[in-house]
Amino acid sequence: MARIIVVTSGKGGVGKTTTSAAIATGLALTGNKVAVLDFDIGLRNLDLIMGCERRVVYDFVNVIQGEANLHQALIKDKRVENLFILPASQTRDKDALTKEGVGRVLDELKAMEFDFIICDSPAGIETGALMALYYADEAIITTNPEVSSVRDSDRILGILDSKSLRAENGLPAVKQHLLLTRYNPSRVTNGDMLNVTDVEEILRISLLGVIPESQSVLNASNKGEPVILDKESDAGQAYADAVARLLGEDRPFRFLEEEKKGFFKRLFGG
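Throughout what follows, the structure given in this document is the object of discussion. (Residues numbered from 1 in each chain as written. Predicted model: local features only at pLDDT ≥ 70, side-chain atom pairs only at ≥ 80, totals over all residues. Heavy atoms only, no water.)

A short note on the overall build of the protein
Reasoning step 1: Counting its regular elements, the protein contains 13 helices and 8 strands.
Reasoning step 2: Along the first, second and third principal axes, the C-alpha atoms of the protein reach 65 × 40 × 35 Å.
Reasoning step 3: By the burial criterion, 52% of the 270 residues in the protein qualify as buried.
Reasoning step 4: When the 32 positive and 39 negative side-chain charges of the protein are each reduced to one mean point, those points stand 3 Å apart. (Helix = DSSP H or I, 4+ residues; strand = E, 2+ residues; numbered from the N terminus. Buried < 20%, exposed > 50% of the residue type's maximum accessible area, 1.4 Å probe, protein only. Lys, Arg positive; Asp, Glu negative; His and termini not counted. Charge placed at Lys NZ, Arg CZ, Asp CG, Glu CD.)

In structure tokens form, the structure reads like this:
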């Protein structure tokens, strides 16, 4: 049975699409069959992060409106086996997504024996975001360690508890995971950012991962490659740890402390 996981947040610019791409790729690297869906109708960034923007012919809305089928619209990743991307439309309105249409697409994906369906949600609580979370079994709440971002994420938790299909039907609640992005230990030490414990105490959900602030994320995005494929980068390693935890593995959290500079780095300002 496919696990439907929405990657969501209350605030824009926290790294949801980067996270969706990395988590989907990481899950596929472990042998799972994975589909990652872009719910950000009108903007469409997932295909850029995944490096398949030139291969888009049909999109999510085309499938919902019966203008194409899933086999026509799904783009098979060239680097990772069993990974497929369903891009959003750049020319339609977000109202093109309907509960019935989204539900039908998800049912078709389940019938195609996907193990994971990752839903890349737009920020906030507008139509695309509500459609992305409605059918979710699990949610990855993506937030920066800043008060406004964490506060907005708390709002999303309330919506997950009240406006999902599970909530409507009185089923067990959507399982919630916390992913902290752009974490900078030196800024935490200086009091410019919340620390991990602060965020956990505010949101009260289990910690899935802490992704350090890293130039490698921007570099990967510019190249059209999920950062998890950069196994030398701290961000890539942190996403790999998060994927392992999502699959039930117990891994220690890394990159939470400031790197201690050696003598030569201190001497030469490195």
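Digging into the sheet that holds strand 7 (residues 175-183)
Reasoning step 1: With mixed pairing, 8 strands are arranged side by side in an open sheet as 3-4-2-5-1-6-7-8. On the outer flanks of this sheet lie strand 3 (75-76) and strand 8 (206-212), each paired with one strand and no other.
Reasoning step 2: Pairing of strand 6 (residues 138-143) with strand 7 involves 6 bridges; the strand directions are parallel. Paired with Thr-142 across the two strands is Leu-179, which belongs to strand 7.
Reasoning step 3: In the packing of helix 12 (residues 234-246) onto the sheet, the strands contacted are strand 1 (3-8), strand 6, strand 7 and strand 8, and the crossing angle to strand 8 comes to about 165°. (Pairing = 2+ DSSP bridges. Contact = heavy atoms within 4.5 Å. Axes fitted to C-alpha atoms, helices over the stretch in contact; angles between N-to-C directions.)

Things to note about the pattern of salt bridges
Reasoning step 1: What the rule picks out here adds up to 10 salt bridges.
Reasoning step 2: Measuring nitrogen to oxygen at the nearest pair gives 2.6 Å for the salt bridge that ties Glu-138 to Arg-3. Here the residue Glu-138 occupies a position in strand 6, and Arg-3 occupies one in strand 1, the gap between them amounting to 135 residues.
Reasoning step 3: Asp-241 is the partner of Arg-251 in a salt bridge, and the nearest nitrogen-oxygen pair spans 2.8 Å. (Salt bridge = Lys/Arg side-chain N within 4 Å of Asp/Glu carboxyl O.)

Digging into the environment of Glu-126
Reasoning step 1: Positionally, Glu-126 belongs in the loop between strand 5 (116-120) and helix 6 (127-134).
Reasoning step 2: Its relative accessible area of 27% is what places Glu-126 among the partly exposed residues.
Reasoning step 3: In this structure, the C-alpha to C-alpha distance between Glu-126 and Asp-95, residues 31 residues apart in sequence, is 9.6 Å.
Reasoning step 4: At a separation of 2.8 Å, a polar atom in the side chain of Glu-126 contacts the main-chain amide nitrogen of Gly-128. (Polar contact = N/O pair within 3.5 Å; in protein donor to acceptor, adjacent residues only side chain to side chain.)

Section: the packing of aromatic side chains
Reasoning step 1: One pass over the full model with this rule turns up 3 aromatic pairs.
Reasoning step 2: Taking the centre distance of 5.6 Å and the plane angle of 90° together, the rings of Phe-84 and Phe-114 count as edge-to-face. Placement of Phe-84 in strand 4 (residues 83-86) and of Phe-114 in the loop between helix 5 (99-111) and strand 5 is noted, with a sequence separation of 30 residues between them.
Reasoning step 3: Look at Phe-84 and you get buried, because its relative accessible area is 16%.
Reasoning step 4: According to the relative accessible area criterion, Phe-114 is buried, its value standing at 3%.
Reasoning step 5: Both rings, one in Tyr-134 and one in Tyr-135, keep their centres 4.8 Å apart while their planes meet at 90°; by these two values the pair is edge-to-face.
Reasoning step 6: Among the residues examined, Tyr-134 registers a relative accessible area of 7% and is labelled buried.
Reasoning step 7: Residue placement shows Lys-33 over the ring face of Phe-114; its charged tip is 4.6 Å from the ring centre. (Phe/Tyr/Trp six-rings, centres within 6.5 Å; stacked < 30°, edge-to-face > 60°. Lys NZ or Arg CZ within 6 Å of the ring centre and 35° of its normal.)

Let's talk about the nonpolar core
Reasoning step 1: Membership of the largest hydrophobic core comes to 51 residues, with the highest contact counts inside it found for Leu-37, Phe-39, Phe-60, Leu-86, Leu-109 and Ile-117.
Reasoning step 2: For this core, the element with the highest residue contribution is helix 7 (residues 147-163), accounting for 5 residues.
Reasoning step 3: Of all hydrophobic cores here, the second largest spans 34 residues; its members include Ile-5, Ala-24, Tyr-239 and Leu-246. (Core = buried A, V, L, I, M, F, W, Y, C linked by side-chain atoms within 4.5 Å.)

Notes on the environment of Ile-202
Reasoning step 1: Summarising the element assignment, Ile-202 is placed in helix 10 (residues 196-203).
Reasoning step 2: Looking at Ile-202, the relative accessible area reads 42%, which means it is partly exposed.
Reasoning step 3: The sequence separation of Ile-202 and Leu-218 amounts to 16 residues, and the corresponding C-alpha distance is 29 Å.
Reasoning step 4: Those residues within four positions of Ile-202 in sequence are excluded, and the remaining contacts are Val-150, Asp-154 and Leu-194.

Thoughts on unusual backbone geometry
Reasoning step 1: Look at Glu-113: it is not a glycine, yet its phi comes out positive at around 65°.
Reasoning step 2: If you trace the backbone, Glu-113 turns up in the loop between helix 5 and strand 5.
Reasoning step 3: The residue Phe-255 is not glycine, and still its phi comes out positive at about 65°.

Re the environment of Asp-40
Reasoning step 1: Secondary-structure assignment places Asp-40 in the loop between strand 2 (34-38) and helix 2 (46-49).
Reasoning step 2: Considering only alpha carbons, one finds Asp-40 and Ser-89, 49 residues apart in sequence, at a separation of 8.1 Å.

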